Amino acid sequence: MTDILMVAIEALTAEDICDRQMGSKVLDTAMGDPASWMTDVPKLMRYIYKNIEGVSTEPARHSLPSLLLLLTERCPREVVRSLLEISPTCDSAALAMWEVMISMPGTLWSVLTELRSVFQDLQLRKVFSCAMEDACICLLALLLLTDFGSEKFAALYKPESFLRNPSWMMLSVVLESLITLSKAHMTEAAAATPVPPAGKLNGRLVLSGQSIFARVVFQRFTIRKLCFLQARKILVLLPDIMETMQDTNSDVKRKALLLFRNTMGHLDREEASPIALQLAEKLLPLFDEESSLVWEFSISLFRDVMDSMVGRNKKMLRKTVKRVLVPLFLRMNDQSKSVAKASRDTLLDCAGFLGWRNLSTLV
């Protein structure tokens, strides 16, 4: 079955659409019975590595990542070590695979846990191409430890600030991991957390309306607390990410913007306000980016920045808000409907923020 699967993986890059569709169907069928083909994970990883960049059409673009995620879920040790052996310098194909493998909370945990064990192997002096990149992965692993608080994390990170000058590929991997953490609802952790016991009647379990409500409230509190703890540690990294994103490619900028938006959503306004004030100035140059997606993300994030302002920070932001009015007004007629809508919505919020009713009427 493994050999058939490898033929199907190669078929995903074929010129003939029928071959691609057949390859995708074989993969989808095989994923329903993984025990029949998970006999040579390193070989499968090499085939995925060889073909992942050649997959450009649906449904193949869904099938191959799904296969890789399933492999990572079932065999994280073999998957991680195989990919490190195939491409220790993390080229573009390996980058695509790492980003798939860390795109889900469960597999992210497995990958980082395995990478930590690789670091502890005395026979391996380096995992990636340099010590700086190894340090980035170690930091990600520490983010997952609930008993390693934000103060300890900051004390470890700030003297070295590893994210100031990483390669763009490693920065992309780090951001993808942080996005997964920042958007995760921690359902796995909440499900494993003890909850108030249900009642029993004649030896049978009874979930009354009250006990169901208590269970839901308890789990939601746990989820919110875990997300808040993760966000506070991610907050330590944001100033360096803020600086780094100015001099990198559009895809990395898009990821950085998404990370800022997710993280700020887990913080209260008092804690989000200072970092949002710093971020506002960094967003202005992104309004002139070539990528319309970066425009949309940066404009929408500026709207979130205004919403998070409190106290003196709100007064300090007024000058920056005035500087974005003209760029936003011009973007209201952009060819991209999503950019035009984001510009209009943000401009309306700017008018409200400044208390300028005439501007609201004009928009």
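Residues numbered from 1 in each chain as written. Predicted model: local features only at pLDDT ≥ 70, side-chain atom pairs only at ≥ 80, totals over all residues. Heavy atoms only, no water.

Enquirer: Where do I start with the pattern of salt bridges in this structure?
Expert: In a structure, side chains of opposite charge can pair up when their charged atoms sit close to one another. Evaluation of the coordinates by the stated rule reveals 16 salt bridges. Across the pair Glu10 and Lys50 runs a salt bridge whose closest N-O atoms are separated by 3.4 Å. Placement of the pair is Glu10 in helix α1 (residues 2-11) and Lys50 in helix α3 (residues 41-51), with a sequence separation of 40 residues. Where Asp349 meets Arg303, a salt bridge forms, and the shortest distance between an N and an O atom there is 2.7 Å. One end of the pair, Asp349, is in helix α17 (residues 337-354); the other, Arg303, is in helix α15 (residues 292-307), and 46 residues separate them in sequence. Owing to a relative accessible area of 31%, Arg303 belongs among the partly exposed residues under this scheme. Within this structure, Glu99, Glu176, Asp251, Arg254 and Lys255 form a network of salt bridges that share partners. (Salt bridge = Lys/Arg side-chain N within 4 Å of Asp/Glu carboxyl O. Helix = DSSP H or I, 4+ residues; strand = E, 2+ residues; numbered from the N terminus. Buried < 20%, exposed > 50% of the residue type's maximum accessible area, 1.4 Å probe, protein only.)

Enquirer: Looking at this model, I keep getting lost on helix α2 (residues 17-30). Mind explaining?
Expert: One turn of an α-helix holds 3.6 residues; hence residues three or four places apart share an orientation. Between its first and last C-alpha atoms α2 spans 20 Å; for 14 residues at 1.5 Å apiece the expected length is 20 Å, and the two agree. Those residues of α2 that fall on the buried side of the exposure criterion are Arg20, Gly23, Ser24, Leu27 and Ala30. For α2, the angular spread of buried residues about the axis comes to 130°, placing them on one side. More than 90 degrees from the buried face of α2, the exposed residues found are Cys18, Lys25 and Thr29. Packing partners of the buried residues in α2 comprise α1 and α4 (60-74). Put simply, Asp16 is the residue that caps the front of α2, since its side-chain oxygen is 2.7 Å from the backbone nitrogen of Cys18. (Expected span 1.5 Å × (residues − 1). Arc of directions from axis to C-beta. Contact = heavy atoms within 4.5 Å. Polar contact = N/O pair within 3.5 Å; in protein donor to acceptor, adjacent residues only side chain to side chain.)

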